[in-house]
Structure formats: structure tokens, C-alpha cells
Amino acid sequence: MAGSRCAKEHERYALTLRNGYFEALHHPQVGDVQLADTLHVGEATPEASVERGSYTFSVETASGLRLSAGLQLKGAEQRVRLFVSEQGQLLKE
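Residues numbered from 1 in each chain as written. Predicted model: local features only at pLDDT ≥ 70, side-chain atom pairs only at ≥ 80, totals over all residues. Heavy atoms only, no water.

A. Geometry of the environment of Ala-48. Position of Ala-48 relative to the elements: it lies in strand β5 (residues 48-51). Taking the C-alpha atoms as reference points, Ala-48 and Ala-36, separated by 12 residues in sequence, lie 9.7 Å from one another. Setting aside anything within four residues of it in sequence, one finds Ala-48 in contact with Tyr-13, Ala-14, Leu-15, Val-33 and Leu-35. (Helix = DSSP H or I, 4+ residues; strand = E, 2+ residues; numbered from the N terminus. Contact = heavy atoms within 4.5 Å.)

See the structure below:
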């Protein structure tokens, strides 16, 4: 008898990013997927389809600071909404 999971893991996730940082963010990227060219304060990216897996999130602030964080996409939740906080932290909304 095969085991079954309670929650289905998806192969692809609909990913969005919202900018809560105090200045514009340039070239936000998850792995090789660029989410936007420039993301102004309060703006969110359109949904991007990203495969399940482990990634590095990276972005450059308007003042030239480079922010990065590890990101793992897995689980039953198909839509993933990320947020860059005013302190420059990557959070899940």
C-alpha cells in the first residue's frame, strides 16, 4: 500500500513580491527568474511562475545596497507572497 500525503506539493508556485522598503528596489530576482526591473515603494510584482526548490533571492536598493536571502519553495500553498520589509528583510506575507 502506497503512502499518501495530507497536503499536495506543487511543482510550480505563483510568486509575487511587494516592496515595503523605504526606497526603490532594482532587479529583484529569485534564482534566474527576474521579477521586475524596478519596484517602487508599495508596489508589487505581477505573479511569476517558479518551480519548487531552493533559491537565492537578491535585489539591489536605489542607494546601491545588495540584499539577498535563501528561499525554499515547497508545500501545499500554491501562491507565495513575499515582502521586503523596511529593514531589508525578506518575509512571507
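From this point, the narrative continues.
B. Just the environment of Gln-34, in detail. Note that Gln-34 resides in strand β3 (residues 33-34). For Gln-34, a relative accessible area of 42% corresponds to the partly exposed category. Linking Gln-34 and Ser-58, residues 24 residues apart in sequence, is a C-alpha distance of 9.5 Å. Sequence-distant contacts of Gln-34, defined by excluding residues within four places in its chain, comprise His-27, Pro-28 and Gln-29. Polar contacts involving the side chain of Gln-34 include one to the side chain of His-27, which spans 3.4 Å. (Buried < 20%, exposed > 50% of the residue type's maximum accessible area, 1.4 Å probe, protein only. Polar contact = N/O pair within 3.5 Å; in protein donor to acceptor, adjacent residues only side chain to side chain.)

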